[in-house]
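Chains, contacts and geometry: an overview
The primary structure of each chain is shown beneath.
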Amino acid sequence: MSKAQQLVDIFSSMYGDDPRTLTKDEVKAVAKENDINSLYRILNANNLAENGEYHFPPVGKSNSGKTKTFAKVRKSPVSVVTTPTPAPTASLSVTSDGFTANLIPEKDELFVPFGNFRTVRDIIKSKMFYPVFITGLSGNGKTYMVEQACAATKREVIRVNFTVETDEDDLIGGFRLIDGETKFFKGPVLKAMERGAVLLCDEIDLANPAKVMCLQSILEGNGYFVKKTGEYIQPAAGFTIVATANTKGKGSDDGRFIGTNILNEAFLERYPITCEQEYPSVAIEKKILNKVAGSVEVDDSEFITKLVDWADIIRKTFMDGGVDEIISTRRLVHIIKAFAIFNDRMTAIEMCTNRFDEETKLAFRDLYTKLDEDAGKDPIDSIIEESETTGEY
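Rules used in this analysis
- Residues numbered from 1 in each chain as written.
- Predicted model: local features only at pLDDT ≥ 70, side-chain atom pairs only at ≥ 80, totals over all residues.
- Heavy atoms only, no water.
- Patch = residues over 30% accessible without salt bridge, like charges linked within 9 Å, V, L, I, M, F, W, Y side chains within 5 Å.
- Areas by Shrake-Rupley, 256 points an atom, 1.4 Å probe, with all protein chains shown as cover.
- Salt bridge = Lys/Arg side-chain N within 4 Å of Asp/Glu carboxyl O.
- Buried < 20%, exposed > 50% of the residue type's maximum accessible area, 1.4 Å probe, protein only.
- Pairing = 2+ DSSP bridges.
- Helix = DSSP H or I, 4+ residues; strand = E, 2+ residues; numbered from the N terminus.
- Phe/Tyr/Trp six-rings, centres within 6.5 Å; stacked < 30°, edge-to-face > 60°.
- Lys, Arg positive; Asp, Glu negative; His and termini not counted.
- Charge placed at Lys NZ, Arg CZ, Asp CG, Glu CD.
- Arc of directions from axis to C-beta.

Taken together, I341, F342 and M351 make up a surface patch of nonpolar side chains, about 330 Å² in accessible area. For F342, a relative accessible area of 40% translates into the label partly exposed.

The next point concerns the pairing of strand β7 (residues 181-186). Pairing geometry for strand β6 (residues 173-178) and β7, over 6 bridges, is antiparallel. When the bridges of β7 are listed, L177 appears paired with T182. Joining the antiparallel neighbours β6 and β7 is a turn of 2 residues, in which D179 adopts a positive phi near 55°.

We now examine the packing of aromatic side chains. Counted by the stated rule, this structure contains 12 aromatic pairs. Taking the centre distance of 6.2 Å and the plane angle of 90° together, the rings of F303 and Y368 count as edge-to-face. In this pair, F303 is assigned in helix α10 (residues 301-319) and Y368 in helix α13 (residues 358-371), connecting sequence segments 65 residues apart. Residue class for F303 comes out buried when judged on its relative accessible area of 0%. With 5.9 Å between their ring centres and 85° between their planes, W310 and Y368 make a pair best called edge-to-face. Of the two residues, W310 sits in helix α10 while Y368 sits in helix α13, which places them 58 residues apart along the sequence. According to the relative accessible area criterion, W310 is buried, its value standing at 0%.

Our focus in this paragraph is a negative patch on the surface. On the surface, D253, D254, D324, D357 and E359 cluster together to form a negatively charged patch. By the secondary structure assignment, D254 is in the loop between β11 (240-245) and α8 (265-268).

Taken residue by residue, helix α3 (residues 117-126) has F117, V120, I123 and I124 as its buried positions. Within α3, the buried residues cover an arc of 140° as seen down the axis, which keeps them to one side. The exposed set on the far side of α3, more than 90 degrees from its buried face, consists of R118 and K125. K127, located one to two residues past α3, shows a positive phi value of around 60°.

Taken as a whole and judged by the stated rule, the model has 22 salt bridges. With a closest N to O distance of 3.6 Å, E194 and K191 form a salt bridge. Note that E194 and K191 are positioned in helix α6 (residues 188-195) at a spacing of 3 residues, about one turn of the helix. Residue E194 is classed as partly exposed on the basis of its relative accessible area, which comes to 31%. Residue K191 is classed as buried on the basis of its relative accessible area, which comes to 15%. Note that D312 and K316 form a salt bridge whose closest N and O atoms lie 3.3 Å from each other. On the criterion of helical spacing, the pair formed by D312 and K316 is a turn pair, its members being 4 residues apart in helix α10. D312 gets classed as partly exposed once you look at its relative accessible area, which sits at 23%. Shared partners join several salt bridges into a network, and the residues in it are K186, K191, E194 and E231.

The following block contains the structure:
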């Protein structure tokens with residue numbers, strides 16, 4: 001018996017005489033398994049079906065030119081056991097593809113230490129578990145300070161930005177579907193515990209108070225029992241938590257920080273200390289802006305001095321209840337960068353104060369023109385005034 005006929009007989013024993021089609025891979029697999037290298041009885045153009053597979057039993061002529069007529073082999077069909085596609089299964093193995101990179105922040109040459117920087121740096125440097133709650137108005141460098149404290153002490157930091165939707169699945173971890181199998185992926189809190197890293201809970205007062213109660217035992221410095229896997233995570237040496245917020249976890253009465261929530265008192269009580277971060281002093285703020293100006297090739301120390309004085313007056317007026325808005329250090333940085341683009345003081349200030357309501361932005365601009373008389377002048381008027389002084393037109 002030829003090898004080609006032997007292959008046909010094997011398929012007859014497998015499937016009987018009922019017409020069907022076979023894929024090329026099926027034919028090759030059976031042939032290879034039975035050490036048959038002659039496949040022309042089945043794999044030939046005349047036997048090709050409309051669906052791109054091959055007829056069985058074979059029809060038409062093979063490539064050898066012989067008519068494909070075979071005696072029907074009456075053999076008991078062999079039952080074929082098909083392997084069903086496995087349904088997704090839950091795996092209690094804990095895995096994660098994230099957090100493999102170096103998590104130590106780079107030192108920023110533009111950073112100028114001020115406020116609570118030394119306090120935060122010393123806590124992080126001690127590698128003691130000592131949670132810190134940092135509160136302060138927007139744009140005064142709370143998060144930036146923590147990151148740079150970690151950079152200075154060469155400590156890893158994992159930053160988590162909180163919203164009202166942040167829950168236990170986001171923080172602790174949960175099951176994810178991977179290649180048809182569900183696996184438990186550890187969240188940033190567990191990874192920070194295992195690595196002995198600093199967990200930076202950014203904008204913690206935006207969180208839903210009930211959803212962050214999963215952090216209670218962790219805030220006590222204890223390990224965490226993962227209910228979904230039965231694993232107990234013990235924090236490594238150096239692990240600690242730093243939270244930042246615009247409020248003290250009591251909500252925003254004046255509506256400035258809409259979306260902030262009143263946090264559970266038991267949650268807040270687990271932070272041993274609270275640091276109140278203020279805006280930098282006039283001298284420090286000048287240093288900050290000079291560094292930023294240098295990075296964008298701006299050389300105008302007079303403008304920087306006037307900006308800092310302007311912001312200082314507005315902040316004092318804000319604290320006295322005279323205005324409802326404030327100029328943050330971050331906004332002054334925005335103005336310097338806008339000045340680098342437009343090369344005009346007033347244009348930069350106008351662009352960066354347009355976010356305020358009409359009355360406030362006009363009041364802010366008017367105040368600046370009182371500090372910088374030349375800023376509000378029309379360029380044509382300045383040229384005429386200079387010409388009258390020099391006598392040249």
